[in-house]
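# A look at the structure
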Amino acid sequence: MADDYDTRDILRPLVFRLHENVPEIVREVLLERGWTEFDKEEQDDADWNLYWRNSPFRMTDHHSIKPWQRLNHYPEAVRITRKDYLARHLKRMKGAYGSALYEFSPVAFIMPNDYVKFIAEYSKEKQSVGRRPSYWICKPVDLSRGRGILIFQDIKDLVYDCAVIVQKYISNPLLISGYKLDLRLYVCVTSFCPLTIYTYEEGLVRFATEKFDLGSLDNICAHLTNTSINKCGASYEKYKEGIGCGCKWTFSKFRSYLRIFGIDDMLLWQKINNIVILTLLAVTPLPVASNCFELFGFDILIDDKFKPWLLEVNYNPGLCLDCSIDDTVKRKLLHDIVELLNYKQIDTFRRTQVAGTKAGRRRVPWSTAGEGAAGDAPGLLTRRKVAKCPSASSVQPALQAARESIRKVATLTKKSARVHPRKTLTSQLWERMNMPKIPSQAEAESKNKRIPGAGHSPHKSAQLNHWLPTPDFCNYKLTTRPYFLSDKDQRPIPRVGDFVLIFPFNEAALQASRDGTDVKSIIKEIKKLHSTCT
Ligand code: ADP
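Chains are numbered independently. Their residues run from 1 in the order of the written sequence. The predicted nature of this model means local features are confined to residues of pLDDT at least 70 and side-chain atom pairs, given and counted, to a pLDDT of 80 or more, with totals for whole chains, interfaces and linings taken over all residues. Working from all heavy atoms in the structure, the side-chain values ignore hydrogens and water.

To continue, consider the overall build of the chain. Across its full length, the chain holds 21 helices and 17 strands. We call two residues contacting when some pair of their heavy atoms lies within 4.5 Å. A sequence separation of at least 24 residues applies to 69% of the contacts in the chain between residues at least 6 apart. All accessible areas in this document rest on Shrake-Rupley with a 1.4 Å probe, and a residue is counted as covered only by the protein chains that are shown. Of the roughly 23,800 Å² of accessible surface on the chain, a fraction of 55% belongs to carbon and sulfur atoms. Runs of E in the DSSP output that reach at least two residues are strands. Runs of H or I that reach at least four are helices, and both are numbered from the N terminus.

Here the focus is the packing of aromatic side chains. Between two aromatic rings, the relevant description is the distance of the centres plus the angle of the planes. Ring pairs shown here join Phe, Tyr and Trp side chains whose ring centres sit within 6.5 Å, with only the six-membered ring taken for Trp; geometry is labelled stacked below 30 degrees between planes, edge-to-face above 60, and tilted in between. Overall, the coordinates contain 19 aromatic pairs when judged by the stated rule. Taken together, a centroid distance of 5.3 Å and an interplanar angle of 70° make the contact between Trp-48 and Tyr-51 edge-to-face. Under the relative-accessibility criterion, Tyr-51 is labelled buried at 7%. Aromatic rings pair up to connect Phe-109, Phe-118, Tyr-122, Trp-136 and Phe-152 into one cluster. Between Arg-53 and the ring centre of Phe-57, over which it is positioned, the NZ or CZ distance is 5.5 Å. For a lysine, the NZ atom is tested; for an arginine, the CZ atom; a charge sits over a ring if that atom is within 6 Å of the ring centre and within 35 degrees of the ring normal. Residue placement shows Lys-307 over the ring face of Trp-309; its charged tip is 4.3 Å from the ring centre. Only protein chains enter the accessibility calculation, which uses a 1.4 Å probe; a residue whose area is less than 20% of its type maximum is buried, one above 50% is exposed, and one in between is partly exposed.

Those residues of helix H2 (residues 24–32) that fall on the buried side of the exposure criterion are Ile-25, Val-26, Val-29 and Leu-30. The buried residues of H2 all sit within an arc of 130° when viewed along its axis, so they share a single face. Those residues of H2 that are buried are in contact with strand S1 (15–18), strand S3 (50–52) and helix H11 (324–340). Just downstream of H2 lies Gly-34, where phi reads positive at about 90°. This arc corresponds to the set of directions leading from the helix axis out to the C-beta atoms.

Only the stretch in contact is used when a helix axis is fitted, and all axes are lines through C-alpha atoms; the angle between N-to-C directions ranges over 0 to 180 degrees. Interhelical geometry of helix H9 (residues 251–260) versus helix H10 (residues 265–281) gives an angle of 130° and a closest axis separation of 10 Å. As judged from the angle between their axes, H9 and H10 are oblique. Here Phe-251, Phe-254, Arg-255, Leu-258 and Arg-259 of H9 come into contact with H10, specifically with Asp-265, Leu-268 and Trp-269. When residues are grouped by polarity, Ala, Val, Leu, Ile, Met, Phe, Trp, Tyr, Cys and Pro land in nonpolar, Asp, Glu, Lys and Arg in charged, and all others, Gly among them, in polar. Considered class by class, the residues forming the contact of H9 with H10 number five nonpolar, no polar and three charged. Here roughly perpendicular refers to angles of 65 to 115 degrees, roughly parallel to angles under 35, roughly antiparallel to angles over 145, and oblique to all remaining angles.

When their charged atoms lie close together, side chains carrying opposite charge are able to pair. Should a side-chain nitrogen of Lys or Arg be within 4 Å of a carboxyl oxygen of Asp or Glu, the pair is scored as a salt bridge. This model, assessed by the stated rule, comprises 30 salt bridges. One salt bridge connects Lys-124 with Glu-121, and the closest N-O pair in it is separated by 3.6 Å. Residue Lys-124 and its partner Glu-121 are both found in helix H6 (residues 115–127); the two are separated by three residues, about one turn of the helix. Of the charged contacts, one joins Lys-168 and Glu-125 as a salt bridge, the two residues approaching to 3.2 Å between their closest N and O atoms. Of this pair, Lys-168 sits in strand S8 (residues 164–168) while Glu-125 sits in helix H6, and the two are 43 residues apart along the sequence. Residue Lys-168 shares its accessibility class with Glu-125, and that shared class is buried.

Another point: the sheet that holds S3. For two strands to pair, DSSP has to find at least two bridges joining them. Spatially, S2-S1-S3-S4 is the arrangement adopted by the four strands of the open sheet, whose pairing is parallel. Each having just a single partner strand, strand S2 (36–37) and strand S4 (70–71) make up the two edges of the open sheet. Where S3 lies against S4, two bridges are found, and the strand directions are parallel. Following the sheet pairing, Leu-50 is matched in S4 by Arg-70.

Geometry only, nothing functional implied.
Now the structure itself:
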């Protein structure tokens, strides 16, 4: 064989690795996309592209990450997903940047430490004449799915036997046909340094299945919107007027509902995006780790004045499929996450690293396939190497088409190899993938000051579906970087599927998130935005 690699190497599918208890839908989506599952017995430890687990990775996993690999958690993401940690961070930010900006989270006390402070607040509220009675909610700090939650008005009803937070209960929630609801918003952080945040336009509206009633605080199906609780309630299957059966809507349906009533949902969403950014700024910087991403589930409650409140941030937001709405939203969400991760269909880095190791073939260090970088830290790509890394993905039909094209390229290569013996199939593909940027595109980009949505067109989204390098692809490639790698000259893609970039939101925010996060400058920019939407 004239070449070191044959077409089977080039078409080697991407490999996913799942830890125990990862919801089945993750496997299904990756298989749908033509990926294969990692086999410990047959494959090397480095021979996977995405490792998904429900619990944090060990630091050694982060340290040994290879350029072609991604992990679905950042170290210490738990800083915002544990209720007490979140409360502490938000309180600190409130102190530093003013309560006007950080008043989106209900006042909270961490028990037992804040017991005295809570009593003082409780008494103050109780004594203030003419005020509506206050209600409180007590939640275990590290439990989820509504477990161990208690709502109370009178302090004598407060009992707990583990670490909890006591939070002001939002007693005037937005109701639809008398039912309480909250939003499960999916947020993907593709990099904490520089901070890069996407929110998902589609999501879940979760309803309580009994009518809201402050006279029955112990009716959890009226006060908690967790699906795990409501699906066991007597009214879950029943048709509920104005809501329907079950306990979920999509965001799309909710938006249509709001529009029918003339409510400006754009303004609401802008406020929610601010909440997401301000919350994530509270835990920035996290320890530097490359090739990670984090999918958070933000729980947002809207009150009857259309003010959004942050209730909590979930680590591993539930990906179980309880109903058809879950299937619609979560399946597309996972597909879009994989798109967002910017994998290339041709796994060249991994191929050059591991091709033939088990079969006893020549092992080629990945750095020699890209640029010489013998001394680089694992998991970090230099800009020149990144430029060598094509980005796009596709599902089965595209793969099928690709096989055909690869066959053609292979035939061509065989012919040209006689004339230019040093030009291998691999090197030809490299060349085609690294065509220079088209100048007009570069000019257009530099004019795009406001990033989200900038330059986005259906055409650009469609480009995501083709992986063979075309002139368009090369153009596209140079505008869509592997954002999870810090590269000072690069900017993240504004939209992928239903993921919309919300941070950085303008040039100033972009600058302030480079070389460490300049929280002060970012907050200044947010205050400007904030003043336009309050
Ligand atoms: P868990 O992690 O157990 O789901 P959450 O903080 O998300 O805990 O609370 C569960 C549910 O309780 C929420 O989905 C919401 O319906 C309700 N809830 C929580 N906190 C508040 C609050 N401060 N005001 C009103 N409702 C709340």
